[in-house]
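Notes for the structure review
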Amino acid sequence: KQWYQRRVAITAGDEMRPACEEHASKKFDVFEPVEYKQQVVAGMNYYVKVRIDNENHIHIRVYQKLPCYGGSKHLHGFKHPHEGGNGPIEAFEAHLNLDDEC
């Protein structure tokens, strides 16, 4: 079960690359999810630490809707390296709404 949860979280991170690049207004040479935490809500929040170069990371918050609502994933939060993205992964408030249907 644990390997499956890890795979789902890492996949959620990978799927958010275009939205992250749009939010950061730059293309990342590297986009490698390296750590995650999850939180059960009315759906699932995934907090994913993503390596974006040799020294820096970002943190993203990905919300996945319940299967009965389609199970789609949406980027709900983003922390730049200077905002704590290089620190330990932890839950943070959603501050993005990049998808009107959320």
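Details of the structure are given in the entry above.
Read on for an overview of the structure. (Residues numbered from 1 in each chain as written. Predicted model: local features only at pLDDT ≥ 70, side-chain atom pairs only at ≥ 80, totals over all residues. Heavy atoms only, no water.)

Focus on the nonpolar core
Nonpolar side chains tend to gather and get buried jointly when the protein is soluble and globular. In this structure, Cys 20, Phe 28, Tyr 46, Val 50, Ile 58, Ile 60 and Phe 78 are the most contacted members of the largest nonpolar core, which totals 18 residues. Broken down by secondary-structure element, the contributors of at least two residues to this core are α1 (2-15), α2 (17-24), β2 (43-51), β3 (57-64) and β4 (73-79). Sort the elements by how many residues they give to this core and β2 lands first, with 4 residues. With sequence-adjacent residues up to four places away left out, Tyr 46 is seen in contact with Val 8, Ala 9, Ala 12, Lys 37, Gln 38, Ile 60, Arg 61, Val 62 and Gln 64. (Core = buried A, V, L, I, M, F, W, Y, C linked by side-chain atoms within 4.5 Å. Buried < 20%, exposed > 50% of the residue type's maximum accessible area, 1.4 Å probe, protein only. Helix = DSSP H or I, 4+ residues; strand = E, 2+ residues; numbered from the N terminus. Contact = heavy atoms within 4.5 Å.)

Considerations on the sheet that holds strand β1 (residues 32-41)
Read from one edge to the other, the open sheet built from 4 strands follows the order β1-β2-β3-β4, with strand pairing classed as antiparallel. Unpaired on one side and paired on the other, β1 and β4 mark the two borders of the sheet. Across the sheet, the mean angle from the axis of one strand to that of its neighbour is 20°, orientation sign disregarded. Alignment of β3 against β4, held across 6 bridges, turns out to be antiparallel. Bridging from a neighbouring strand, Tyr 63 pairs with His 74 of β4. (Pairing = 2+ DSSP bridges. Axes fitted to C-alpha atoms, helices over the stretch in contact; angles between N-to-C directions.)

Side note on the pattern of salt bridges
Per the counting criterion, the structure on display carries 4 salt bridges. As a salt-bridge pair, Glu 21 and Lys 27 come within 3.6 Å of each other at their nearest N and O atoms. The class for Glu 21 is buried, based on a relative accessible area of 10%. The class of Lys 27 is exposed, set by a relative accessible area of 66%. Connected through shared salt-bridge partners, Arg 17, Glu 21 and Lys 27 make up one network. (Salt bridge = Lys/Arg side-chain N within 4 Å of Asp/Glu carboxyl O.)

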